[in-house]
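# Observations on the three-dimensional arrangement
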Amino acid sequence: MAGLKEEISVTEQYPIDPENVNLPPEKAGTKSDQQDMWRMGKAQEMRRNFRFVSIFGFTMLVMCSWETMLGTSIIGLINGGTAGLIWLFLVSWVGFLAVNTSMAEMASMAPTSGGQYHWVSEFSPRKYQKFMSFVTGWLCVLGWQTGAANTAFLAGTQIQGLVTLNNPDYVPEKWHGTLLTFAVASFSVFFNTFLVKKLPLVEGIVLIIHIFGFFAVLITLWVLGPRGDASQVFTTFNNYGGWPTDGLSAMVGILAVMIPLLGADGAVHMSEELRDAARTLPKSMILTTICNGAMGWIILITFCMVLGNLDDVISSPTGQPYIAVFYNVTESYAGASVLSALVIVMAMFCNLSITATASRQLFAFARDQGVPFAQFFAEVRPGWDVPMNSIIVSFVVSCLLSIINIGSTIALNNITSLSLCAILSSYIISIGLVFWRRITNRPLLPAPFTLSKPVGLFLNALSLAFLLIAFVFSFFPGTNHPNAEQMNWAILIYGAVMVFALLHYVIKARHVYDGPVEYVRKL
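Given the structure is predicted, the values throughout are model-derived calculations rather than measurements. (Residues numbered from 1 in each chain as written. Predicted model: local features only at pLDDT ≥ 70, side-chain atom pairs only at ≥ 80, totals over all residues. Heavy atoms only, no water.)

## A look at the overall build of the chain
For the chain, the count of helices and strands is 22 helices and zero strands. Along the first, second and third principal axes, the C-alpha set of the chain runs to 65 × 45 × 45 Å. For the chain, the residues scored as buried account for 61% of the 523 residues in total. Taking the contacts inside the chain whose residues are at least 6 apart along the sequence as the reference set, 82% of them involve residues at least 24 apart. Charge centroids of the chain, computed over 29 positive and 30 negative side chains, lie 11 Å from each other. (Helix = DSSP H or I, 4+ residues; strand = E, 2+ residues; numbered from the N terminus. Buried < 20%, exposed > 50% of the residue type's maximum accessible area, 1.4 Å probe, protein only. Contact = heavy atoms within 4.5 Å. Lys, Arg positive; Asp, Glu negative; His and termini not counted. Charge placed at Lys NZ, Arg CZ, Asp CG, Glu CD.)

## Quick look at the pattern of salt bridges
For the structure on display, the rule yields five salt bridges. Note that glutamate 122 and arginine 39 form a salt bridge whose closest N and O atoms lie 2.7 Å from each other. One end of the pair, glutamate 122, is in helix H6 (residues 116–123); the other, arginine 39, is in helix H2 (residues 31–40), and 83 residues separate them in sequence. Residue glutamate 122 shares its accessibility class with arginine 39, and that shared class is buried. A salt bridge links arginine 367 to glutamate 272; the nearest nitrogen and oxygen atoms lie 2.8 Å apart. With a gap of 95 residues between them, arginine 367 in helix H16 (residues 333–367) and glutamate 272 in the loop between helix H12 (255–258) and helix H13 (277–305) connect regions that are remote in the sequence. Across the pair, exposure class does not vary: arginine 367 and glutamate 272 are buried alike. (Salt bridge = Lys/Arg side-chain N within 4 Å of Asp/Glu carboxyl O.)

## Topic: the packing of helix H4 (residues 65–78) against helix H15 (residues 321–330)
Between H4 and H15, whose axes approach to 7 Å, the crossing angle comes to 105°. Relative to H15, the element H4 is oriented roughly perpendicular. Residues Leu70, Gly71, Ser73, Ile74 and Leu77 of H4 form the contact with H15, whose participating residues are Pro321, Tyr322 and Phe326. Considered class by class, the residues forming the contact of H4 with H15 number six nonpolar, two polar and no charged. (Axes fitted to C-alpha atoms, helices over the stretch in contact; angles between N-to-C directions. Parallel < 35°, antiparallel > 145°, perpendicular 65-115°, else oblique. Nonpolar A, V, L, I, M, F, W, Y, C, P; charged D, E, K, R; others polar.)

## Some remarks on the packing of H4 against helix H9 (residues 199–224)
Across the interface, H4 lies against H9 with an axial gap of 9 Å and an inter-helix angle of 50°. Relative to H9, H4 is oriented oblique. From H4, Ser65, Trp66 and Glu67 reach across to H9, where they touch His210, Gly213, Phe214 and Val217.

Purely geometric stuff here, so don't read any function into it on its own.
This is the structure:
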């Protein structure tokens, strides 16, 4: 065995950490939780407030598929059109079912806030685990921190679009959107600190709004919306980006359908706050992908059927095609505002959940000495039982990145591509290593949820094929032959962050970062 320790039987039962025996019930979790933490060599520092319903709600809100699909639809309408959106969403949904099932298995094996970088450490060849897990950890930090900034910006600009709908004389300014992004990020920080004890309850309540809101929007569009020609809606591709073929244009627009389906691993980074994590995580991740994917596809088809004139919707002064469609369907400012406000509120809670995920992932990586000022980021203040410093860092990153909007909206939109490609990279590495272990007949960790070898090989291979294609297209600009302003600079930022991480590794981290596998079965 390589990344795993050779001398340990994969069927061995691990004892309970003696230091966890006297933990209060809200921290200790189940016997299985304590055994997992002991095996991984981690101390239990946070409350295990989450149960299945609350973590299911959390993961549903990290994805917020049907709401996010409406918010990102303009990307796919420009490149791909209605047909591109509908069919690529279906392909992406199937792809993410394979991806999230593969990761659910790993989450059951090692339920830790570290997630992908911890799995890479345990599953990679022994001599490479330190470097590979370090790189994966930085990819997760980059992906989730920019994801928090991106969702805050999306919610802020949607608020601006709603203001524009109700005030035709209002002239949207870029700095207005930046300030609204600040407000959304502040809301997420307030909730993740002062109201964190109520977070599981809130996630359950907002889950109900997420489901009933879906039916409220869906029924309204069905009843009041105009009926488009199904043959045109399902077969018409648009190529406003000027790409050589409609197929290539649609693939460039895949970003629009990837973002609403991304993030089921958010639950993994909350696993040290979840009771019976090894059993609950897989159910939550897979069920979330099924439910959110179905809701997203249904709302997308409905949206495309009632879209009306595509050019008018794309050029709407609100900047949000779905707000223009809501107004055209209801023919009422009040009706359109209520439906739009529902989407925006859910976008704010999506940002809340992503901020929680980003801070926990940073906390876990800092705990293993993976970032500069690790002790600061890994601190969990007594009485708060949350990584307060990491939460504040997520807020600061969101605010700093939103300032880019003042200079260039397109530049900030590149942050969406950056978040996607960074997280996809972490998926590719971790799933690729499990696939390697399977094809070389190397053992995997025992877990409550495991895949048989044939099923595991098929799902892992399908996941990698899908992820590699999506990864490549996540770097494409929105238009063919772009100028400097239209260019997708995500690859430049991605490369710059990786260079910084490698320099940090060479100068300091390689001396203090051992990789999580080195702590396995040690306190």
